[in-house]
Amino acid sequence: MSSNPDAIHNVGVVGCGLMGSGIAEVCARSGLSTLVYEVNAKALAAGRDRVERSLARAVERGKLTAADRDTVMSGLAFTTDLADFTDRDLAIEAVPEDEQLKIGIFTALDQVMARPDALIASNTSSIPIMKLGAATARPGQVMGLHFFNPVPVLKLVELVPSLVTTDTSWSRMRHFATNVLGRHVIVSQDRAGFIVNSLLIPYLLAAIRMFESGFAVAQDIDDGMVRGCAHPMGPLALADHIGLDTTLAVADCLYAEFKEPLYAPPPLLSRMVEAGHLGRKAGRGFYTYPSPLPL
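Everything numeric here is computed off the predicted structure, so don't read it as measured data.

A. Molecular detail of the packing of aromatic side chains. Evaluation of the coordinates by the stated rule reveals two aromatic pairs. Taking 5.5 Å as the distance between ring centres and 90° as the angle between the ring planes, the aromatic pair formed by F211 and F286 counts as edge-to-face. Taken as a pair, F211 in helix α7 (residues 196–212) and F286 in the segment after α11 (267–274) lie far apart in primary sequence, 75 residues in all. For F286, a relative accessible area of 10% translates into the label buried. When the ring of F258 is compared with that of Y263, the centres are 5.6 Å apart and the planes differ by 35°; the resulting orientation is tilted. By relative accessible area, which is 8% here, Y263 ends up buried.

Spelled out as structure tokens, the structure:
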């Protein structure tokens, strides 16, 4: 283990849903002591099971040996008490895309993390980092660290410093993402949506508006982009994959910041979320699926 006093060895991940479980997995696979928090024992058990299933798939595909899988699991610990994060060098928040929920998590982390140089990062896909940093007494040590789903497969991460992130925090986080986790880092200014979602969300919303207006059926819209533009997945299938609730939350955040019509969510998207048609994870969105994703 590195003797560098700025090195990150102990990581905490807040939330063990689709994104949090993937972040916890890649941290543990990088040899880090990784502590995962969930709100209750049921959610924690579901999160642990999600990590175990992901590792099992990696073993089946020859990406990981059974011994490596066991080593990864031995580097993971699980808790329902956020106070257990007291010794963490870095905490990564990965709860749902709700600004007030995230602010509450950041306030709580700031109070329990004992190391004065401990970093706090958010996996938010849209919320400005300064809003989260302002909820702490250490805004200079707060950054955005936005992964992409599925985290163990997609190597990209958006790194987002705020106006007050210190140079030391910036260099530690970049080294962590690049050299420890092996991610490909792109850097964004602290604006809602950052780089990827500022470009992606208007594209998805345009496809939803096209479908909503009756201009074309879902499969033809998606086939047009897959077969005509060589996209790996059409926009409506991609929205289902992301989750329509997440798509709506990011669109709302972008529209609140910029007030531009291209970011305004179409009424159909809001109605689908209200109906619980959240996409692949719910078994129904713009398409229907044999079964929801395991929770």
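B. Representation of α11 within the structure. If you check which residues of α11 are buried, you get L269, S270 and M272. In a view along the axis of α11, the buried residues occupy a sector of 160°, so they form one face of it. Against α7 and α10 (244–258) lie the buried residues of α11. Backbone geometry just after α11 places G276 at a positive phi near 80°.

C. Region of the structure containing the pattern of salt bridges. By the definition in use, this model includes 13 salt bridges. Ionic pairing is found between E52 and R48, a salt bridge with its closest N-O pair at 3.2 Å. With E52 and R48 both in helix α2 (residues 41–60), this residue pair falls four residues apart, about one helical turn. The class of E52 is partly exposed, set by a relative accessible area of 34%. For the salt bridge of E97 with K102, the shortest nitrogen-to-oxygen distance reads 3.6 Å. K102 matches E97 in its accessibility class, with the two residues each being buried.

D. View of the environment of L82. You can see L82 is positioned in the loop between β3 (76–79) and β4 (90–93). Given the relative accessible area of 12%, L82 is considered buried. Separated by 76 residues in sequence, L82 and E158 place their C-alpha atoms 26 Å apart.

E. Spatial organisation of the sheet that holds β4. Judged by pairing direction, the sheet is mixed, and its eight strands sit side by side in the order β3-β2-β1-β4-β5-β6-β7-β8 without closing on themselves. One side of each edge strand has no neighbouring strand; the edge strands of this open sheet are β3 and β8 (184–187). Each neighbouring strand pair of the sheet contributes to a mean axis angle of 25°, computed without reference to strand direction. By the bridge criterion, four bridges tie strand β1 (residues 10–14) to β4 in an arrangement that is parallel.

F. Region of interest: unusual backbone geometry. Note the cis peptide between N149 and P150, where omega equals 0°. Tracing the chain through its elements places P150 in the loop between β6 (142–147) and β7 (156–161). We note that F194 has phi near 55°; this positive angle belongs to a residue other than glycine. With respect to the secondary-structure elements, F194 resides in the loop between β8 and α7.

G. Geometry of helix α8 (residues 218–229). Look at α8: 16 Å from first C-alpha to last across twelve residues, which is about the 16 Å you get at 1.5 Å a residue. In this fold, the buried residues of α8 make contact with α7 and α9 (235–242). Following α8 by one or two positions, A230 has its phi on the positive side, about 60°.

H. The arrangement of the environment of L268 in detail. Assignment of secondary structure puts L268 in helix α11. Distance from L268 to I208, taken between C-alpha atoms, is 7.7 Å for residues 60 residues apart in sequence.

I. Region of the structure containing the pairing of strand β5 (residues 119–122). Where burial is concerned, the two faces of β5 agree: the one with L119 and A121 and the one with I120 and S122 are both buried. Examined bridge by bridge, β4 and β5 share four bridges and lie parallel to one another. Pairing of I92 across the sheet is with A121, part of β5. Tracing the backbone out of β4, into helix α4 (residues 99–112) and back to the parallel element β5 gives a crossover that is right-handed. The pairing of β5 with β6 spans three bridges and is parallel. Across the sheet, residue A121 finds its bridge partner in β6, namely M143.

The rules we used
Along each chain, residues carry numbers from 1 onward, in the same order as the chain's sequence is written. With the structure being a predicted model, the display of local features is reserved for residues of pLDDT at least 70 and the display and counting of side-chain atom pairs for 80 or more, all residues being used for whole-chain, interface and lining totals. Side-chain figures throughout are based on the complete set of non-hydrogen atoms in the structure, without hydrogens or water. Any two of the Phe, Tyr and Trp rings considered here, Trp counted by its six-membered ring, make a pair once their centres fall within 6.5 Å; the pair's planes then place it as stacked at under 30 degrees, edge-to-face at over 60, or tilted in between. Only DSSP runs of H or I covering at least 4 residues are called helices, and only runs of E covering at least 2 are called strands; the numbering of each starts at the N terminus. Residue burial is assigned from relative accessible area. The probe radius is 1.4 Å, only protein chains are included, and a residue is buried under 20% of its type maximum, exposed over 50%, and partly exposed in between. Directions pointing from the helix axis toward each C-beta atom define the arc. Should any heavy atoms of two residues lie within 4.5 Å, those residues are considered in contact. Should a side-chain nitrogen of Lys or Arg be within 4 Å of a carboxyl oxygen of Asp or Glu, the pair is scored as a salt bridge. Pairing between two strands requires that DSSP report at least two bridges joining them. For helices, the axis comes from a line fit to the C-alpha atoms of the stretch in contact; other axes are also lines fit to C-alpha atoms, and the angle between any two N-to-C directions lies between 0 and 180 degrees. By definition here, a helix of n residues has an expected span of 1.5 Å times n minus one. For crossovers, right-handed means that the path from the first strand over the helix to the second runs clockwise, given strands pointing away from the viewer.

Purely geometric numbers; function is a separate question.
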